[in-house]
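Chain residues, written in single-letter form:
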Amino acid sequence: RPEMKSVLVVEDNPLNRDLMVQLLEDRYCVITRGDGETGLRAMFELEPDVALLDLSLPDIDGLELARRVRQDDRVKDTPLIAVTAHAMPGDREAALAAGCSAYIPKPIDEDELFEILDNLVGI
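Because the structure is predicted, anything quoted here is derived from the model rather than measured. (Residues numbered from 1 in each chain as written. Predicted model: local features only at pLDDT ≥ 70, side-chain atom pairs only at ≥ 80, totals over all residues. Heavy atoms only, no water.)

**Student:** So what about helix α3 (residues 62–70)? Which residues, and what values?
**Tutor:** Residues of α3 that are buried include every one of Gly 62, Leu 63, Leu 65, Ala 66 and Val 69, and no others. Buried residues of α3 fall within an arc of 160° about the axis and therefore sit on the same side. For α3, the elements touching its buried residues are β1 (5–10), α2 (36–46), β3 (50–54), β4 (80–84) and α4 (91–98). (Buried < 20%, exposed > 50% of the residue type's maximum accessible area, 1.4 Å probe, protein only. Helix = DSSP H or I, 4+ residues; strand = E, 2+ residues; numbered from the N terminus. Arc of directions from axis to C-beta. Contact = heavy atoms within 4.5 Å.)

As structure tokens, this is what we get:
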């Protein structure tokens, strides 16, 4: 639906990707990619309103993806939300330093996710 904001979900785990689609599809136009390389291409080609980046991706990790997005004038202002199951001390700081706008540990708290999305892109 054209009036919906678009969210790009870059997540290599198919189950997690499907869960994110189910969670978001009623409120957002959801685009998914399964690795950092195709996620980065989708950022440049589709220019989504917001992106959810798994930090543990097999090729380009979420932090590197965020850094590359921030260097490109077309998408440098796109809100990026880091999502990770490996919530270790310093992860949030590393994600924010790489250019992410927010950080959410897995398992995802749905209320927290929608609050962050509403604050970043407002629907």
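That covers the picture; the talk isn't over yet.
**Student:** Describe in detail the environment of Leu 23, supporting the description with residues and values.
**Tutor:** You can see Leu 23 is positioned in helix α1 (residues 14–24). Each C-alpha atom, one on Leu 23 and one on Asn 119, is 17 Å from the other, the two residues being 96 residues apart in sequence. Leave out the neighbours within four places in its chain, and Leu 23 touches Glu 110, Leu 113 and Phe 114.

**Student:** So what about the sheet that holds β3? Which residues, and what values?
**Tutor:** Across the sheet, five strands lie side by side as β2-β1-β3-β4-β5; this open sheet has parallel pairing. A strand with exactly one partner marks an edge of an open sheet, and here the two such strands are β2 (28–33) and β5 (102–105). Recorded for the sheet is a direction-independent mean angle of 20° between the axes of neighbouring strands. Relative to β5, β4 is paired through four bridges, and the arrangement is parallel. If you follow Val 83 over to β5, its bridge partner there is Ile 104. (Pairing = 2+ DSSP bridges. Axes fitted to C-alpha atoms, helices over the stretch in contact; angles between N-to-C directions.)

**Student:** Describe the nonpolar core, naming the residues involved and giving the relevant values.
**Tutor:** Most often, soluble globular proteins keep nonpolar side chains buried together rather than apart. If you look at the biggest cluster of nonpolar residues, it comprises 22 residues, and the most contacted ones within it are Leu 8, Met 43, Leu 53, Leu 65, Val 69, Leu 80 and Ala 95. Of all elements in the fold, only β1, α2, β3, α3, β4 and α4 reach the threshold of two or more residues within this core. With four residues, the single largest contributor to this core is α3. Among all residues touching Leu 8, those that are not within four sequence positions of it are Ile 31, Thr 32, Arg 33, Gly 39, Ala 42, Met 43, Pro 48, Val 50, Ala 51 and Leu 52. (Core = buried A, V, L, I, M, F, W, Y, C linked by side-chain atoms within 4.5 Å.)

**Student:** I'd like a rundown of the layout of surface pockets, residues and numbers included.
**Tutor:** Its volume calculated, the largest pocket comes out at about 220 Å³. Residue lining of the largest pocket: 15 residues in total, with Asn 16, Leu 19, Met 20, Lys 106 and Ile 108 positioned closest to the centre. Going through the elements one at a time, β1, α1 and β3 are the ones with two or more residues in the lining of the largest pocket. If you tally residues by element for the lining of the largest pocket, the top one is α1, at four residues. Residues belonging to the lining of the largest pocket are distributed by class as follows: ten nonpolar, one polar and four charged. (1 Å grid on protein atoms, 1.4 Å probe; cavity = no way out; pocket = protein on both sides within 12 Å on 5 of 7 lines; lining within 4 Å. Points joined across faces, edges and corners; volume = space filled by probe spheres on them. Nonpolar A, V, L, I, M, F, W, Y, C, P; charged D, E, K, R; others polar.)

**Student:** Which residues make up the packing of α3 against α4, and what values go with them?
**Tutor:** Where α3 contacts α4, the two axes come as close as 8 Å, and the packing angle between them is 25°. Classed by the angle they form, the pair α3 and α4 counts as roughly parallel. Residues Leu 63, Ala 66, Arg 67 and Arg 70 of α3 lie in contact with α4, whose contacting residues are Ala 94, Ala 95 and Ala 98. (Parallel < 35°, antiparallel > 145°, perpendicular 65-115°, else oblique.)

**Student:** Break down the pattern of salt bridges for me, with residues and values.
**Tutor:** If you walk through the whole model with that rule in mind, you get seven salt bridges. The closest approach of N and O atoms between Asp 54 and Lys 106, which form a salt bridge, is 3.5 Å. With Asp 54 in strand β3 and Lys 106 in the loop between β5 and α5 (110–121), the pair connects residues that are 52 residues apart, well separated along the chain. As a salt-bridge pair, Arg 68 and Glu 64 come within 2.9 Å of each other at their nearest N and O atoms. Taken together, the positions of Arg 68 and Glu 64, both in helix α3 and four residues apart, correspond to about one turn of that helix. In this structure Arg 68 comes out as partly exposed when scored by relative accessible area, which is 33%. A relative accessible area of 27% means that Glu 64 is categorised as partly exposed. (Salt bridge = Lys/Arg side-chain N within 4 Å of Asp/Glu carboxyl O.)

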